[in-house]
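# Understanding the architecture of this molecule
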Protein chains: 2
Amino acid sequence: MEKGPELWNISFADPQFTEKYFSQTVDHFNFNSMGNGSFNQRYLITDKYWKKGYGPIFFYTGNEGDIWEFALNSGFITELAAQQGALVIFAEHRYYGTSLPFGNDSFNIPQIGLLTVEQALADYAIMITELKLQLGATDSPVIVFGGSYGGMLSVYMRLKYPNIVAGALAASAPILSTAGLGDSRQFFRDVTADFANVASECRDAVRQAFHQLKDLAEQQDYSRIQSEFALCKPPSSAQDIHQLNGLLRNGFTLMAMLDYPYSTHFMGNMPANPVQVACKTMLGGSNLLANLRDTAGIVYNSTGLLTCFDLYSLYVECADPTGCGLGFNSQAWDYQIELCYESNNVTDMFPPMPFTEREREVYCSKRWAVVPRPGWLKIQFWADALSTASNIIFSNGDLDPWANGGVRKALSSSLVAINISEGAHHLDLRASNEADPVSVIKARKREAELITQWVEMERRRSQKFS
Amino acid sequence: MEKGPELWNISFADPQFTEKYFSQTVDHFNFNSMGNGSFNQRYLITDKYWKKGYGPIFFYTGNEGDIWEFALNSGFITELAAQQGALVIFAEHRYYGTSLPFGNDSFNIPQIGLLTVEQALADYAIMITELKLQLGATDSPVIVFGGSYGGMLSVYMRLKYPNIVAGALAASAPILSTAGLGDSRQFFRDVTADFANVASECRDAVRQAFHQLKDLAEQQDYSRIQSEFALCKPPSSAQDIHQLNGLLRNGFTLMAMLDYPYSTHFMGNMPANPVQVACKTMLGGSNLLANLRDTAGIVYNSTGLLTCFDLYSLYVECADPTGCGLGFNSQAWDYQIELCYESNNVTDMFPPMPFTEREREVYCSKRWAVVPRPGWLKIQFWADALSTASNIIFSNGDLDPWANGGVRKALSSSLVAINISEGAHHLDLRASNEADPVSVIKARKREAELITQWVEMERRRSQKFS
């Protein structure tokens with residue numbers, strides 16, 4: 001059975017996805033609501049590798065964005081499908097991409113109210129069940145895959161619908177922090193650590209640059225700030241400075257999350273090893289503010305074509321302190337997100353930017369006429385009370401600031417934690433690449449083995465019961 | 001450990017329930033709905049037997065009715081609490097009793113739309129979590145109990161919220177038939193079998209009496225029908241005859257369900273062993289129609305005070321072919337129920353009364369402006385795909401026509417089926433009684449042992465993880 005990691009170095013051809021639409025129930029939980037109808041939910045499907053009658057179904061539980069974005073950046077799933085003869089489906093999350101339950105009115109109040117995790121999971125449960133019928137594949141074991149929020153959905157599918165899915169690979173899924181467990185300082189502390197691990201001087205330079213910016217802001221030296229940061233318009237208020245700080249911090253966040261060993265085009269364009277590139281930039285010239293600007297430019301001006309930075313178009317502040325914009329549907333995500341991460345300049349290198357539950361409540365009330373229910377995710381999706389669950393892989397990369405909001409230790413023989421020492425945000429879901437570190441090659445191999453086992457178990461179980 | 005079945009013959013004192021209200025979220029699944037508030041959900045609680053800091057919590061997942069009705073007819077739970085030092089809570093289901101989310105408007109459209117199984121389960125999950133906090137009992141293992149639909153809710157609590165409940169005793173819970181598995185003829189076939197088991201002549205007499213009624217109806221001899229059945233008004237249409245047939249069939253249904261060995265006051269008044277009483281009546285005088293009338297009178301005229309039967313006040317036809325009225329909130333139940341049981345006079349002794357999915361759809365559209373989704377319960381609550389579940393007792397009585405819509409065989413060492421040969425509808429949940437058959441005494445003993453084990457397991461588990 002020892003196939004060796006070189007398996008993953010094969011370059012696979014285009015998986016040839018077909019784009020289709022599924023007629024989906026708008027409201028699964030209220031028979032008398034305005035959502036008493038159906039909408040077209042997009043999915044991508046390929047049977048290129050499928051051994052029909054034998055092969056399993058690999059189902060990606062789409063997250064906050066256009067489903068093509070995830071399909072094109074999760075090549076591991078199709079590579080694994082080629083190996084295991086699987087049918088592959090990437091399903092788009094309601095309210096993202098083209099899967100809008102109420103068309104252009106979807107982001108109005110109250111139409112936005114049917115954007116919930118429960119509705120999304122029910123969508124997938126129904127879609128899997130009906131597509132299996134349509135495809136003559138009712139006996140095919142189904143494995144769900146997802147990255148980040150999509151990984152959370154994969155976990156929840158296995159928790160709530162084990163009648164439908166035999167196992168879940170949840171890559172970089174912060175199921176604990178999102179349920180309110182953990183420390184609000186963790187995220188930006190871990191972003192900071194990524195830069196400090198390249199060079200502690202890098203972290204110190206970033207912190208010092210933010211201090212210089214703070215001093216200039218306190219002196220209201222807005223023209224100097226404009227010129228140092230190449231802003232299109234001079235800042236003129238504390239709000240503009242807050243926006244600038246948010247934009248800069250978000251640049252570091254993205255580089256830490258997307259610190260892949262080769263250049264990528266996912267959530268924008270990134271060079272290979274962006275954290276190293278950033279630190280080289282931060283420690284380059286003698287002007288720290290210019291260094292900070294150029295470092296942010298790695299993210300915001302990857303093409304080199306921008307002549308100035310427009311604070312409010314490059315970055316959208318929203319209820320997610322880790323960022324809302326950049327190719328995702330920021331309105332829908334703004335409605336969904338429930339995080340209170342904050343930076344404080346003590347445990348991290350960023351300006352103090354508090355975001356309390358109270359502030360979140362005020363924001364959500366004003367923007368969406370809703371009040372968050374902080375305990376709900378923990379009740380509904382179990383948080384760390386997972387002892388009755390099974391067949392879930394929690395994979396996390398040590399470079400990923402989301403990692404420590406997830407499950408890092410095995411909870412049982414079938415609740416497996418895979419930690420990828422050189423991995424950023426769900427690197428394991430990406431296609432194999434010559435630059436892949438050994439840790440991700442090993443991780444994918446272990447994931448493939450576990451999924452093979454689950455598929456086999458499910459086959460035996462369904463034979464026994466049929 | 002051998003305590004012997006006589007334990008259950010102790011007569012326990014009044015459990016001293018206190019009636020309280022819990023501030024409950026109206027809509028758990030839509031933050032922007034009309035239900036963006038809270039309502040008062042009733043529950044009954046007694047700490048009379050509770051060994052605080054050690055004893056578990058026994059939580060009854062209330063079903064379609066006033067919660068006092070269930071608390072007063074589920075004495076086994078308080079007897080077991082006395083034995084195991086448990087806190088006991090009986091929670092009232094939303095839209096029943098006094099737990100009306102929108103007060104008097106609750107049964108209007110669209111307010112009725114928040115009456116769903118998912119909302120009810122979320123109510124219980126939140127109520128348990130918050131009451132444990134309030135009571136300083138966050139470490140107490142919780143066991144859920146329920147009978148009939150309440151038993152289904154107990155199963156579903158364990159499936160969907162094993163983070164909150166350590167085990168479930170589901171008495172007479174027809175989780176398979178309600179999910180659309182099984183045979184639409186099963187229910188009335190099994191009602192019929194109860195009477196045939198007393199005497200095949202009894203079944204034959206009932207069938208023959210219904211034939212005589214049919215002949216009279218075909219001759220439109222309505223005055224004869226009025227006099228034979230002591231109706232307050234003469235029938236005048238096929239609809240009236242249909243209503244009479246429904247009322248009569250429902251009388252037999254109730255006697256079969258409530259065929260307890262002692263007289264009861266649950267869902268009306270019943271003599272001890274009502275099926276025997278019915279057969280004695282059916283085989284009494286020489287006039288079969290009079291016998292049929294008097295047999296129905298066991299149910300509808302238990303006091304003997306009625307001078308005539310009013311067809312439309314004694315029995316309410318609704319979307320539940322097994323009956324809607326009699327002390328329950330018929331409007332709410334009419335909205336909830338999803339059964340297509342029918343009688344045919346071939347596999348049962350009743351008049352042919354078909355009730356197809358199409359007929360149900362027409363009814364629900366007209367009455368409630370909703371369309372049932374037949375596959376949903378199977379997807380959402382797993383139906384027979386329970387292999388990943390654990391710690392559930394499915395108890396059923398062989399006399400109960402609901403039994404064969406439930407789980408009758410163990411599915412694993414922790415998915416246990418207990419069949420009570422001499423038991424009617426959730427007899428095991430009732431207080432011990434001198435007239436109890438050995439089979440129910442044994443069943444309760446086994447249930448007590450399993451629940452003790454689950455509580456112990458949960459204690460060990462939480463100690464290990466804390």
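Residues numbered from 1 in each chain as written. Chains lettered and ligands numbered in written order. Predicted model: local features only at pLDDT ≥ 70, side-chain atom pairs only at ≥ 80, totals over all residues. Heavy atoms only, no water.

The name an unreviewed UniProt entry assigns to chain A is Dipeptidyl peptidase 2, from the organism Amphiprion ocellaris. According to the UniProt record, the Subunit (unreviewed entry) comment for chain A reads "Homodimer." In its Catalytic activity (unreviewed entry) section, the UniProt record describing chain A reads: "Release of an N-terminal dipeptide, Xaa-Yaa-|-, preferentially when Yaa is Ala or Pro. Substrates are oligopeptides, preferentially tripeptides." (UniProt positions renumbered as here; feature names shortened; annotations may be inferred.)

## Describing the layout of surface pockets
Estimated volume of the second largest pocket: approximately 1,100 Å³. For the second largest pocket, the lining is made up of 38 residues, of which Thr129(A), Thr138(A), Asn163(A), Ile164(A) and Lys378(B) are closest to its centre. Of all elements in the fold, only β1 (18-25), α3 (117-134) and α15 (438-465) of chain A together with α14 (376-381) of chain B reach the threshold of two or more residues within the lining of the second largest pocket. In terms of residues, the lining of the second largest pocket owes the most to one element, α3(A), which gives six residues. Here the residues of the lining of the second largest pocket sort into 18 nonpolar, twelve polar and eight charged. (1 Å grid on protein atoms, 1.4 Å probe; cavity = no way out; pocket = protein on both sides within 12 Å on 5 of 7 lines; lining within 4 Å. Points joined across faces, edges and corners; volume = space filled by probe spheres on them. Helix = DSSP H or I, 4+ residues; strand = E, 2+ residues; numbered from the N terminus. Nonpolar A, V, L, I, M, F, W, Y, C, P; charged D, E, K, R; others polar.)

## Observations regarding the state of the cysteines
All names here are of chain A. Enumeration according to the criterion identifies four disulfides over all chains in this entry. Between the sulfur of Cys232 and that of Cys308 lies a disulfide, 2.0 Å long from S to S. Looking down the S-S bond of the Cys232 and Cys308 bridge, the torsion is 100 degrees, so its handedness is right-handed. Note that Cys232 is positioned in the loop between α7 (222-229) and α8 (238-257) and Cys308 in the loop between α10 (288-300) and α11 (311-314), a separation of 76 residues in sequence. (Disulfide = S-S within 2.5 Å.)

## Observations concerning the nonpolar core
As a rule of thumb, soluble globular proteins bury nonpolar side chains together. With 306 residues, the main nonpolar core has Phe195(A), Phe252(A), Phe195(B) and Phe252(B) as its most contacted residues. In this view, Phe195(A) contacts Cys202(A), Phe252(A), Met255(A), Ala256(A), Val275(A), Ala278(A), Cys279(A) and Met349(A); residues no more than four positions away in its chain are not counted. (Core = buried A, V, L, I, M, F, W, Y, C linked by side-chain atoms within 4.5 Å. Buried < 20%, exposed > 50% of the residue type's maximum accessible area, 1.4 Å probe, protein only. Contact = heavy atoms within 4.5 Å.)

## Observations concerning the side chain of Ser395(A)
Residue and element names in this part refer to chain A. Its location among the elements puts Ser395 in strand β7 (residues 392-397). A residue is classified by how much of its surface remains accessible, and Ser395, at 0% relative accessible area, is buried. Sequence-distant contacts of Ser395, defined by excluding residues within four places in its chain, comprise Leu169, Ala170, Ala171, Ser172, Ile418, Asp428 and Glu447.

## Looking at the pattern of salt bridges
Enumeration over the complete set of coordinates arrives at 34 salt bridges over all chains. Arg94(B) is the salt-bridge partner of Asp123(B), the closest N and O atoms lying 2.7 Å from each other. Taken together, the positions of Asp123(B) in helix α3 (residues 117-134) and Arg94(B) in the loop between β4 (87-91) and α3 put the pair 29 residues apart, joining distant regions of the chain. The pair Asp123(B) / Arg94(B) is uniform in exposure class, with both members buried. The salt bridge involving Glu361(B) is made with Arg358(B); its shortest N-O contact spans 3.3 Å. Taken together, the residues span about one helical turn, with Glu361(B) and Arg358(B) both in helix α13 (residues 357-368) at a distance of three residues. For Glu361(B), a relative accessible area of 30% corresponds to the partly exposed category. Overall, Arg358(B) belongs to the exposed group, its relative accessible area being 55%. Among the charged side chains, a network of salt bridges with common partners joins Glu19(A), Arg42(A), Asp66(A) and Glu92(A). (Salt bridge = Lys/Arg side-chain N within 4 Å of Asp/Glu carboxyl O.)

## Side note on the sheet that holds β7(A)
Residue and element names in this part refer to chain A. Within the open sheet, the eight strands sit side by side as β1-β2-β4-β3-β5-β6-β7-β8. Their pairing is mixed. Each having just a single partner strand, β1 and β8 (415-420) make up the two edges of the open sheet. For this sheet, the mean inter-axis angle between neighbouring strands, taken without regard to orientation, is 20 degrees. The pairing of strand β5 (residues 142-147) with strand β6 (residues 167-171) spans five bridges and is parallel. Looking at the pairing, Phe145 lines up with Leu169 of β6. α3 contacts β1, β2 (38-46), β3 (57-61), β4 (87-91) and β5 of the sheet and is inclined by roughly 115 degrees relative to β1. Relative to β5, helix α4 (residues 149-160) is tilted by about 150 degrees, and along the sheet it contacts β3, β5, β6 and β7. (Pairing = 2+ DSSP bridges. Axes fitted to C-alpha atoms, helices over the stretch in contact; angles between N-to-C directions.)

## Here's the deal with the sheet that holds β4(B)
Residues and elements named next belong to chain B. Strand order across the open sheet formed by eight strands is β1-β2-β4-β3-β5-β6-β7-β8, with mixed pairing between neighbours. In the strand order of this sheet, the two ends are held by β1 (18-25) and β8 (415-420), each with one partner. The average undirected angle you get between the axes of adjacent strands in this sheet is 20 degrees. Relative to strand β5 (residues 142-147), strand β3 (residues 57-61) runs parallel, the two sharing four bridges.

## Some thoughts on the interface of chain B and chain A
Taken residue by residue, the interface counts 43 residues in chain B and 43 residues in chain A. Three residues, Phe29(B), Phe31(B) and Asn32(B), lead the burial of chain B against chain A; their summed loss comes to 21% of the area buried on that side. There are 15 residue pairs in polar contact (both at pLDDT 80 or more) connecting chain B and chain A. At the level of secondary structure, the elements contributing two or more residues to the side of chain B that touches chain A comprise α3, α4 (149-160) and α14 of chain B. It is α3(B) that contributes the most residues to the side of chain B that touches chain A, six residues altogether. Within the side of chain B that touches chain A, the residues separate by chemical class into 23 nonpolar, 13 polar and seven charged. (Buried area = accessible area lost by both parts, 1.4 Å probe. Polar contact = N/O pair within 3.5 Å; in protein donor to acceptor, adjacent residues only side chain to side chain.)

## Details of helix α6 (residues 200-218) of chain A
Residue and element names in this part refer to chain A. For α6, built from 19 residues, the straight-helix expectation of 27 Å at 1.5 Å per residue is met to within 8% by its first-to-last C-alpha distance of 27 Å. Inspection of α6 places Cys202, Ala205, Val206, Ala209, Phe210, Leu213, Leu216 and Ala217 among the buried residues, and these make up the whole buried set. Taken down its axis, α6 places every buried residue within 135 degrees of arc, on the same side. Positioned one or two residues after α6, Gln220 has a phi angle of 55 degrees, which is positive. (Expected span 1.5 Å × (residues − 1). Arc of directions from axis to C-beta.)

## Some words on the domain arrangement of chain A
Residue and element names in this part refer to chain A. Partitioning chain A into domains gives domain 1 (5-180 + 378-465) and domain 2 (186-368). Residue-level contacts link 35 residues of domain 1 with 29 residues of domain 2. Buried area between domain 1 and domain 2, summed over both chains or domains, comes out near 2,800 Å², and the portion from carbon and sulfur atoms is 62%. Considering only the surface of domain 1 that becomes buried against domain 2, Phe107, Pro401 and Trp402 emerge as the three largest contributors, covering 23% of it. The interface formed by domain 1 and domain 2 contains zero salt bridges. Counting across the domain 1 and domain 2 interface gives eleven residue pairs in polar contact (both at pLDDT 80 or more). (Domains from an automatic or database assignment.)

## Remarks on the side chain of Asn73(B)
All names here are of chain B. Considering the arrangement of structural elements, one finds Asn73 in the loop between α1 (67-71) and α2 (75-84). A distance of 3.0 Å separates the side chain of Asn73 from the side chain of Arg430, its partner in a polar contact. Aside from chain neighbours lying at most four places away, what touches Asn73 is His265, Phe266, Leu429 and Arg430.

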